[in-house]
Amino acid sequence: RVQAISIRCPRHREILHDFLEEFSKTKANLRMADERQQLLTSVREDIVEHRSASRATDALLRERNAVHATDRALDGLLEHAAETKAALSLQRGIFGGVGSKLQQLSAVAPQINALLGRISRKRSRDKTILGVVMGCCLSLLVLYKLQIG
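What you are looking at is a predicted structure, and each value in this text was computed from that prediction instead of being measured.

Definitions and limits used
Residues numbered from 1 in each chain as written. Predicted model: local features only at pLDDT ≥ 70, side-chain atom pairs only at ≥ 80, totals over all residues. Heavy atoms only, no water. Helix = DSSP H or I, 4+ residues; strand = E, 2+ residues; numbered from the N terminus. Buried < 20%, exposed > 50% of the residue type's maximum accessible area, 1.4 Å probe, protein only. Areas by Shrake-Rupley, 256 points an atom, 1.4 Å probe, with all protein chains shown as cover. Lys, Arg positive; Asp, Glu negative; His and termini not counted. Charge placed at Lys NZ, Arg CZ, Asp CG, Glu CD. Patch = residues over 30% accessible without salt bridge, like charges linked within 9 Å, V, L, I, M, F, W, Y side chains within 5 Å. Salt bridge = Lys/Arg side-chain N within 4 Å of Asp/Glu carboxyl O.

Caption draft 1: The arrangement of the overall build of the protein in detail. Of regular secondary structure, the protein possesses two helices and zero strands. Taken over the C-alpha atoms alone, the protein extends approximately 160 × 55 × 10 Å along its principal axes. The buried share of the protein, reckoned over its 149 residues, is 1%. Looking at the protein as shown, the accessible area adds up to about 13900 Å², and 63% of this sits on carbon and sulfur atoms. Charge centroids of the protein, computed over 24 positive and 16 negative side chains, lie 17 Å from each other.

Structure representation (structure tokens):
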């Protein structure tokens, strides 16, 4: 019997040793799987944080681009306004010069003054006639609408 136990004991030690090695390998594999899972979780969290930060950054960049475009448009508008002001100032100078020359001519030549007066009277008369014709047409149109309706 002792002999059978002495034969079984080394065999059981070998089996125990195999189980311990397998246990160590399994334990190491589980530890590596846990570390990998923790690493993937932290990477996923980093990705989510990066995406949310990226969205905020994208929104800020879009806002900045909109402000920049508005600024450029306003610069163009102000430049156009300055050019228009300069053109109007030039025209005022030209028309002022023409008006003073016409006054000088009217003082020098009374016939030109009389001609300018006749042109102005004719223009007034034409405006009056045109106003009366338009009033009559409008009145006739209103009467026509009232009779039809």
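Moving on from the coordinates now.
Caption draft 2: Representation of a nonpolar patch on the surface within the structure. Side chains of L90, I94, F95, V98, L102, I112, L115, L116 and I119 sit close together on the surface and give an oily, nonpolar patch of about 800 Å² of accessible area. Of all the secondary-structure elements, those providing two or more residues to the nonpolar patch are α1 (2-108) and α2 (110-148). When residues in the nonpolar patch are grouped by element, the largest group, five residues, is from α1. Structurally, V98 can be placed in helix α1.

Caption draft 3: Just the pattern of salt bridges, in detail. For the structure shown, the criterion picks out one salt bridge. Taking the shortest distance from any N to any O, the salt bridge between R11 and E14 comes out at 3.5 Å. Taken together, the residues R11 and E14, both in helix α1 and three residues apart, mark about one turn of the helix.

Caption draft 4: How the structure looks around a negative patch on the surface. Where like charges cluster on the molecular surface, the negative patch consists of D71, D75, E79 and E83. One can find D71 in helix α1.

Caption draft 5: The environment of L146, seen in detail. Structurally, L146 is set in helix α2. For L146, a relative accessible area of 63% gives the class exposed. Separated by 68 residues in sequence, L146 and L78 place their C-alpha atoms 52 Å apart.

Caption draft 6: View of the environment of S54. By secondary structure assignment, the location of S54 is in helix α1. Given a relative accessible area of 28%, S54 falls into the partly exposed group. For the pair S54 and V98, spaced 44 residues apart in the sequence, the C-alpha separation amounts to 65 Å.

Interpretation in functional terms is not warranted from these geometric data alone.
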